[in-house]
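Each chain is listed here by its residues.
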Amino acid sequence: MFIASESLLALIQSRRTCYQFDSQVELKADALQLCLEAARWAPNHKLTQPWRYWVLGPNTQSQLAEIYADNRARKKASDECNYDCLYQKAIAKFQRIPQVILVGQVLNPDPVIQKEDYAACACAIQNLQLMAWNLQIGVQWSTGPILQDHRTHALLNSDPSQIELIGALYIGPISAQDQKNLNSNARRKPLEEIVTYLS
Ligand SMILES: Cc1cc2nc3c(=O)[nH]c(=O)nc-3n(C[C@H](O)[C@H](O)[C@H](O)COP(=O)(O)O)c2cc1C
């Protein structure tokens, strides 16, 4: 039933945020389903299950691309590169993402529960990322401005007073070589720096 601890650790250590995907390989619906299933089993205090997921189809992704591009072009526009040029580039970039999933947190009025619920959502996203990595699928968890944009909520038909969007997950197949290369960028502090053992 359980996988070897070394294998589990290797999976956790090797996972990296991905910014480039392999457009030649199809992202299978059953693989995506496994990722969402892994997310569903994340720990969550008082079983609030505060996560909600929107799995975008091509039509919604095109509409979100416009919101993404508008935010990006407004932020970066300068004398050398004008709004329209940046906007078109950003549209193309967003459209190349094989799969976008938006993650929302149901907002509990109690601030303590709200904090716990955010932690639970983060656990769920990490479950999803680990399952994805094991399936040779890369994920970038983005917290960019589209999440705060009221137009994104309108697109999802979600109420910002009830749901906070906490992640845009950019997902797609990656090659074994890219997985290996990404892993070589890994950096973390050693345990001695971050753990204090008390008597
Ligand atoms: C809460 C959270 C928000 C993040 N937001 C972004 C983001 O907006 N854009 C981005 O490129 N990466 C984002 N990341 C990914 C981190 O930058 C990434 O995890 C970090 O650089 C470590 O790299 P690794 O995931 O490859 O280990 C986010 C990660 C977390 C946990």
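Residues numbered from 1 in each chain as written. Predicted model: local features only at pLDDT ≥ 70, side-chain atom pairs only at ≥ 80, totals over all residues. Heavy atoms only, no water.

The subject of this paragraph is the overall build of the protein. A tally of regular secondary structure across the protein gives eight helices and four strands. Going from the N terminus to the C terminus, the protein shows its helices and strands as α-α-β-α-α-β-α-β-α-β-α-α. Its C-alpha atoms give the protein principal-axis dimensions of roughly 60 × 45 × 35 Å. Counted over contacts in the protein with a minimum sequence separation of 6, partners at least 24 positions apart contribute 79%. On the protein, roughly 12600 Å² of surface is accessible, and the fraction owed to carbon and sulfur atoms is 53%. Averaging the coordinates of the 19 positive side-chain charges in the protein and doing the same for the 19 negative ones gives two points 4 Å apart. (Helix = DSSP H or I, 4+ residues; strand = E, 2+ residues; numbered from the N terminus. Contact = heavy atoms within 4.5 Å. Areas by Shrake-Rupley, 256 points an atom, 1.4 Å probe, with all protein chains shown as cover. Lys, Arg positive; Asp, Glu negative; His and termini not counted. Charge placed at Lys NZ, Arg CZ, Asp CG, Glu CD.)

A word on a nonpolar patch on the surface. On the surface, I3, L8 and I12 cluster together to form a nonpolar patch covering roughly 260 Å² of accessible area. By the element assignment, L8 lies in helix α1 (residues 5–14). (Patch = residues over 30% accessible without salt bridge, like charges linked within 9 Å, V, L, I, M, F, W, Y side chains within 5 Å. Salt bridge = Lys/Arg side-chain N within 4 Å of Asp/Glu carboxyl O.)

Surrounding the ligand, one finds R15, R16, T17, Y19, Y118, Q140, W141, S142, T143, G144 and R188. At 2.8 Å, a side-chain N or O of R16 approaches an oxygen atom of the ligand. Side-chain polar atom of R188 to an oxygen atom of the ligand: 2.8 Å apart, as the coordinates give it. Alone, the ligand offers 620 Å² of accessible surface; in the complex the protein occludes 58% of this. With three residues, strand β3 (residues 137–142) is the single largest residue contributor to the shell around the ligand. A breakdown of the residues in the shell around the ligand according to their chemical character gives three nonpolar, five polar and three charged. (Near = heavy atom within 4 Å. Polar contact = N/O pair within 3.5 Å; in protein donor to acceptor, adjacent residues only side chain to side chain. Nonpolar A, V, L, I, M, F, W, Y, C, P; charged D, E, K, R; others polar.)

Let us look at helix α3 (residues 58–76). With 19 residues, α3 extends 26 Å from end C-alpha to end C-alpha; this agrees with the ideal 27 Å at 1.5 Å per step. Taken together, the buried positions of α3 are Q61, L64, A65, I67, Y68, A69, D70, N71 and A73. Buried-residue contacts for α3 involve α4 (83–95), β2 (99–106), α6 (150–156) and β4 (163–173). (Expected span 1.5 Å × (residues − 1). Buried < 20%, exposed > 50% of the residue type's maximum accessible area, 1.4 Å probe, protein only.)

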